Amino acid sequence: MNPARRPARRPVRDDGGVSRTAPVPAARARLCVLVLVLSACTATGPDYRRPDLPVPATFRHAIDAPPGWKFAEPALPGTESAWWRGYQDHTLEALVAAAEPANQSLQVAAARVARARALLGSAGAAAGPALDANAAITRSRVAGGADINRFRIGVDAAWEPDLWGRQANAVAAGRAELAASEADLAAARLAIHAQLVRSYFRLRADDALRRLLETTVDAYQQSLRVTRNRYDAGVVPRSDVSQAQTQLRTTQVQLIEVGISRTQTLNAIATLLGRAPAELTIERDDRLPAPPTVPLSLPSELLERRPDIAAAERRVAAANARVGFAQAAWYPTITLGAGAGTQGTRVADLFALPNRFWSLGPALLASLFDGGARDARLDEALAIYDEAVADYRQTVLDAFRDVEDALVARRMLDVQVAIQQRAERAAADALEQVSNQYQAGTVSFLNLLTAQTALLAARRALVDLRARLVDASVQLTVAAGGGWRQMPPESGRTR
């Protein structure tokens, strides 16, 4: 066992000449007094209370939410609902399922949870008694004497009562850190799912844009052929052909750019799945889903539905417990120890009755001067607590901002998509009219070129807005916690 924790003994000489510890009635009386003193001791350190926060009654932009929106019932404790299924895409669901066991970021977060659990087990073990077995063989020589062999076998036990809550605070801090690590894992899982879903729909947006540009290239090639025929017939000037060629080549360049974007997005998805980019292929699909109904909770419930908030709050509790741990260093420690064994100069006599010994008694340890080390450790613990509180409050403020930003984006993009749809229809009507006029020779090719460019721009903008609308719905779900809810918070210190 640790020599610092070994109980004190009072050696005397017995008839066999072996050092032993003799019990006396007064020692028993002192032990009884010690037990009474221990029962009167209380834990040190501040009681934990979650820091106060100014929580709004509602979200500003939730009042004017689109029809069908509703406040959600919280999910099961410690779980994340499969919110991505609301998009009704089987390929997406398969990708999310594949990311869970393969993503390396999630493996890192899971390993941190395992480490926090091990540290908690270590803190809990330190609060219990310690039992050590020992055996020793020594050979010594005194001046002018013969060599002497000494053999010793014994068992020592020690227990340090938690007088001032030192071990209790250590366990409470470990428990809070474990809960924070579990919340970190949930936050990492939510972030990976969100990143995967957003990347997947970015891929689908690239497919939709690629489909639009391919259709447009086909139309421009047809327009170029018509313009060349009209030029060959002497109806239009050479500049019309040049302008048609420029328009076609520019659109073909845009098509190549979309291909690059899609490949890079596919590579990002492969990385999220823990695969090499060459190992993943996703077939083209230019359909973008309609954003599902995004359930919202009240602002006060956001504190429980966001895993990053839960992690920050648990770290405040852990820091609070460590303040109590630092304060306990000002008080003395008492170790209750017991030991028994046998020792002698010959192996044959090792288990003889006169060679047996035992001991029982307390040991008191108090630090009288440490050069201000305890003050410094307490100041450090208080500073860490203040830092954790500030970080918790900032995390909550960031969460409210995330929800408000996502709400206004979701709401305004709904309006923008509706307006852009009307603009796209108007551009299509304008192109049809200008095409007829160009065929009739009443307008120049520049008018046709302008109308074609306007329609392509309107359709590209519509694809972009639809993709942003889906992305905003994902961001809103993530900002609201993704359906995750923390376990009921535990005390920051065990009494």
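Participant: So what's going on with the side chain of Arg262? Which residues, and what values?
Facilitator: Position of Arg262 relative to the elements: it lies in helix H5 (residues 238-272). Once residues within four sequence positions are removed from consideration, Arg262 is found in contact with Leu203, Arg204, Asp206, Asp207, Arg210, Ile282, Glu283 and Arg284.

Participant: Account for the packing of helix H4 (residues 166-232) against helix H9 (residues 445-479), with residues named and values stated.
Facilitator: Pairs of packed helices are described in terms of their axes, by the angle between the two and the distance that separates them. Interhelical geometry of H4 versus H9 gives an angle of 170° and a closest axis separation of 10 Å. Judged on the interaxial angle alone, H9 and H4 are roughly antiparallel. Broken down by class, the residue content of the contact of H4 with H9 amounts to 18 nonpolar, 6 polar and 4 charged.

Participant: Quick one: what's the story with the nonpolar core, residue by residue and with numbers?
Facilitator: A general feature of soluble globular proteins is that nonpolar side chains tend to end up buried together. Judged by nonpolar contacts, the single largest core of 34 residues is most densely connected at Trp83, Tyr87, Leu92, Leu196 and Val197. Of all the secondary-structure elements, those providing two or more residues to this core are helix H2 (90-102), helix H3 (104-126), H4, H5 and H9. For this core, the leading source of residues is H4, giving 12 residues. Residues within four places of Leu92 in sequence aside, it is in contact with Trp84, Tyr87, Val197, Tyr200 and Phe201. Core analysis: the next-biggest nonpolar cluster, separate from the first, contains 24 residues, Leu213, Ala427, Val434 and Leu448 among them.

Participant: Can you tell me about the pattern of salt bridges, naming the residues and giving the values?
Facilitator: Inspection of the entire model under this criterion finds 21 salt bridges. Of the charged contacts in the structure, one is a salt bridge between Arg210 and Glu214, with a shortest N-O distance of 3.4 Å. Taken together, the residues span about one helical turn, with Arg210 and Glu214 both in helix H4 at a distance of 4 residues. Ionic pairing is found between Asp398 and Arg401, a salt bridge with its closest N-O pair at 3.9 Å. On the criterion of helical spacing, the pair formed by Asp398 and Arg401 is a turn pair, its members being 3 residues apart in helix H8 (residues 373-440).

Participant: How would you explain the pairing of strand E5 (residues 333-344) if you had to name every residue and give the values?
Facilitator: Of the strand pairs in this sheet, strand E4 (residues 147-159) and E5 are connected by 9 bridges, and their pairing is antiparallel. When the sheet's bridge partners are listed, Ala158 is paired in E5 with Gly337. Pairing between E5 and strand E6 (residues 356-365): 10 bridges, direction antiparallel. Looking at the pairing, Gly341 lines up with Phe357 of E6.

Participant: Which residues make up the packing of aromatic side chains, and what values go with them?
Facilitator: Across all of its chains, the model carries 4 aromatic pairs by this definition. The interplanar angle of 65° and the centroid separation of 5.6 Å between the aromatic rings of Tyr438 and Phe445 together place this pair among those described as edge-to-face. Classification of Tyr438 as buried rests on a relative accessible area of 3%. Aromatic rings pair up to connect Tyr87, Tyr200 and Phe201 into one cluster. Directly above the ring of Tyr231 sits Arg238, whose terminal nitrogen or CZ lies 5.6 Å from the centroid.

Participant: Quick rundown of the confidence of the model for the protein? Include the residues and the values.
Facilitator: Here the protein averages 81 in pLDDT, while 83% of its residues score no lower than 70. In the predicted structure, residues 1-24 sits below a pLDDT of 50 and forms 51 contacts with residues beyond four places in sequence or in another chain. Taken as a whole, residues 487-495 scores under 50 in pLDDT and shows 24 contacts with residues more than four places along the chain or in a different chain.

Participant: Kindly report on the sheet that holds E6, identifying the contributing residues and their values.
Facilitator: Two modes of strand pairing occur in sheets, parallel and antiparallel, and in both the strands are linked by backbone hydrogen bonds. With antiparallel pairing, 4 strands are arranged side by side in an open sheet as E3-E4-E5-E6. Looking at strand neighbours, the two that pair on one side only are strand E3 (130-141) and E6, the edges of this open sheet. Neighbour-to-neighbour, the strand axes of the sheet open up by a mean angle of 25°, direction not taken into account.

Reading guide: rules and limits
Residues numbered from 1 in each chain as written. Predicted model: local features only at pLDDT ≥ 70, side-chain atom pairs only at ≥ 80, totals over all residues. Heavy atoms only, no water. Helix = DSSP H or I, 4+ residues; strand = E, 2+ residues; numbered from the N terminus. Contact = heavy atoms within 4.5 Å. Axes fitted to C-alpha atoms, helices over the stretch in contact; angles between N-to-C directions. Parallel < 35°, antiparallel > 145°, perpendicular 65-115°, else oblique. Nonpolar A, V, L, I, M, F, W, Y, C, P; charged D, E, K, R; others polar. Core = buried A, V, L, I, M, F, W, Y, C linked by side-chain atoms within 4.5 Å. Buried < 20%, exposed > 50% of the residue type's maximum accessible area, 1.4 Å probe, protein only. Salt bridge = Lys/Arg side-chain N within 4 Å of Asp/Glu carboxyl O. Pairing = 2+ DSSP bridges. Phe/Tyr/Trp six-rings, centres within 6.5 Å; stacked < 30°, edge-to-face > 60°. Lys NZ or Arg CZ within 6 Å of the ring centre and 35° of its normal. pLDDT = per-residue confidence, 0-100.

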